[in-house]
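# Observations on chain architecture
If you want the building blocks of each chain, they are given just below.
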Amino acid sequence: MNSTSLIIAVEQWFPWVDVHEEKGSLSISGPMAEIFDFLISSLNLSYSYKTPQDGKKGGGKLRNGSYTGMIGMLHRKEADIAVGPFTANFDRFQAAEFTNPIYVDYLSILTGAPHVKNELFSYMMTFEWKVWVAIFTTIILLAVTSAIMEDVIVGKRQSFRRMYVQFLHSFWRFYRCLWHQSLQQLPEVTSKRLLLITWLLSVVVIMASFGGHIRSSLLVQLKGDHIEELKDVLRFPKIQPLLETGSSAETLLQLGAHPTYKNVWTRIAANPSSRMSFNELLSEDTLDKVEKNTHMIITEVSSLMGALAERYQKKKQCSFHLSNTFYQKNMVIAMRRDLKQEFKREIKDRIGRFYPFGVIGHKITNRTQGYRNCLWIAESVIVSSMTAEDFQGVFYLWIGGIGLASVAFIVEVITESVCCRPSI
């Protein structure tokens, strides 16, 4: 292999490779440059770099059978090796031969950080609606029970108007307790006092929970609705998904058999502007749209990490969200298929030494450290409405208190009838 001269296809792709031009000569830096420096020195190669004229990063197959990007250069024999790295797929395999994987990447979805705003009456959602219904139903039942006890203990049937007034007084008494308002006077009979004590004990728990929950909601950021999986894309019809033309993401969604793939592809295909070049996909203009939550980007994680790291370095302020990853992608280097088998075997052998030790992954991580400063992360502690199950103990207290008051009521009725029975 000595003195073999190669034409190596390259294209700018941070964080993988940076292309530099000086006095008409190209050079590269970054993780992929280190791999090729090792290949060149170990195989004693002479080389020159060349970029694709169409400016496409990877390369895809067109309907007329031709190829774009660096894969197209290999297919047309304009280059011998393409730096990439590339996602291995069937269309590209028809035009080029791949090395062993150098890295495993995944697809992810980039969106703007969810906008979290409190609703006008969000304080009412401290309890779910079932709890509020239970509270006011209990007040009504307590007021009715108290009015009936008053009527029976007095010993004579009162008018409906008198019963109604008694009900309103009792209702207002229990309602005032709910908001920690003082009582003008205590009930005269023991059974009604037991009802009041039961209610007061319940109010201590209920309102302590209410106040604490409101305070925590002011301190803890609420969890906004956001995209974590590909199927979540369908829940946001106003956010337009974007992807790179000819990319593995496009192939997956277009040809994938899963219903989610088909439904997402239908949305993308309905808008021709949703598919664009790699440089346009991760341009500042597109990222501005994503940050405003009008668009989302579906592409590999390494590209998104690189784009966010560069954006943070420029602006020092950004707010995005990365979904969970999906669809594993083996990243490879591509070679012309008609190169000598011995030469391709030696390249594959040397490339295979990088993957097991995670060298490339470590270098990518180092180059994109700033990307995390752009990410919105859902709080691990989320404020949510308190449910009826949270107050089971209070409900049992009410039942027990009403039962105790009922026993006291029966004792009072019997005592009243015995003590006040007229003598013969």
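Just so you know, these numbers come straight off a predicted model, no measurement behind them.

## Concerning the packing of helix H7 (residues 248-255) against helix H8 (residues 259-269)
At a minimum axis separation of 7 Å, H7 and H8 run at an interaxial angle of 115°. Viewed along their axes, H7 and H8 adopt a mutual orientation that is roughly perpendicular. Here H7 and H8 pass one another in a crossing that is left-handed. Facing Glu250, Leu252, Leu253 and Gln254 of H7, the residues of H8 in contact are Tyr261, Lys262, Val264, Trp265 and Ile268. Of the residues assigned to the contact of H7 with H8, the class counts are six nonpolar, one polar and two charged.

## Brief notes about the packing of aromatic side chains
Under the defined criterion, the tally for this structure stands at ten aromatic pairs. Aromatic pair Phe136 and Tyr175: ring centres 6.2 Å apart, planes at 35°, arrangement tilted. Placement of the pair is Phe136 in helix H4 (residues 129-154) and Tyr175 in helix H5 (residues 160-178), with a sequence separation of 39 residues. With relative accessibility at 31%, the residue Phe136 sits in the partly exposed group. An angle of 5° between the planes, with centres 6.3 Å apart, marks the rings of Phe171 and Tyr175 as stacked. Placement of both Phe171 and Tyr175 in helix H5 is noted, with a separation of four residues, approximately one turn of the helix. Since its relative accessible area comes to 25%, Phe171 is described here as partly exposed. The exposure class assigned to Tyr175 is partly exposed, which follows from its relative accessible area of 25%. Grouped by ring-pair contacts, the aromatic residues Trp132, Phe136, Phe167, Phe171, Trp172 and Tyr175 constitute a single cluster. Above the ring of Phe93, the side-chain terminus of Arg337 is found at 4.7 Å from the ring centroid.

## A word on the nonpolar core
Nonpolar side chains tend toward joint burial in soluble globular proteins. In terms of nonpolar packing, the biggest core is built from 50 residues, with Trp16, Met32, Phe36, Ile102 and Leu110 touching the most fellow members. With seven residues, the top contributor of residues to this core is helix H1 (residues 31-43). Judged by nonpolar contacts, the second largest core, of 19 residues, contains Ile135, Leu178, Leu195 and Met207.

## Let's talk about the pattern of salt bridges
Using the criterion set out here, one finds 18 salt bridges in the structure. Residue Glu300 pairs with Lys329 through a salt bridge whose shortest N-O separation is 3.0 Å. Of the two residues, Glu300 sits in strand S10 (residues 295-300) while Lys329 sits in strand S12 (residues 326-335), which places them 29 residues apart along the sequence. By relative accessible area, Lys329 is classed as buried at 2%. With a shortest N-O distance of 2.7 Å, Asp338 and Arg336 are connected by a salt bridge. Among the residues examined, Asp338 registers a relative accessible area of 41% and is labelled partly exposed. Judged by its relative accessible area of 14%, Arg336 is buried.

Cut-offs and rules
- Residue numbers here run from 1 along each chain, matching the order of that chain's written sequence.
- Where local features are concerned, this predicted model is filtered to residues with pLDDT of at least 70; where side-chain atom pairs are given and counted, the filter is 80 or more; whole-chain, interface and lining totals use all residues.
- With hydrogens and water excluded, all non-hydrogen atoms of the structure serve as input to the side-chain values.
- Axis lines are fitted to C-alpha atoms, over the contacting stretch for helices. Their N-to-C directions set the angle, which ranges from 0 to 180 degrees.
- A helix here means a DSSP run of H or I that spans at least four residues, while a strand means a run of E at least two residues long, and both kinds are numbered starting from the N terminus.
- Roughly parallel covers angles under 35 degrees, roughly antiparallel covers those over 145, roughly perpendicular covers 65 to 115, and oblique covers all other angles.
- Take the far helix as your reference; a near helix turned counterclockwise from it by less than a right angle gives a left-handed crossing, and one turned clockwise gives a right-handed crossing.
- Residue contacts follow a heavy-atom distance rule, with two residues in contact if any of their heavy atoms lie within 4.5 Å.
- Each residue receives one of three labels: charged for Asp, Glu, Lys and Arg, nonpolar for Ala, Val, Leu, Ile, Met, Phe, Trp, Tyr, Cys and Pro, and polar for the others, Gly being one of them.
- The pairing test for Phe, Tyr and Trp rings, Trp by its six-membered ring, is centres within 6.5 Å, and the orientation test on the planes gives stacked under 30 degrees, edge-to-face over 60, and tilted for anything in between.
- The classification of residues rests on relative accessible area computed with a 1.4 Å probe and restricted to protein chains. Under 20% of the type maximum is buried, over 50% is exposed, and intermediate values are partly exposed.
- For a ring to carry a charge above it, either NZ of a lysine or CZ of an arginine must fall within 6 Å of the ring centroid while also lying within 35 degrees of the normal to the ring plane.
- In these notes, a set of buried Ala, Val, Leu, Ile, Met, Phe, Trp, Tyr and Cys residues joined through side-chain atoms within 4.5 Å is what counts as a nonpolar core.
- Salt bridges are defined by distance alone: a side-chain nitrogen of Lys or Arg within 4 Å of a carboxyl oxygen of Asp or Glu.

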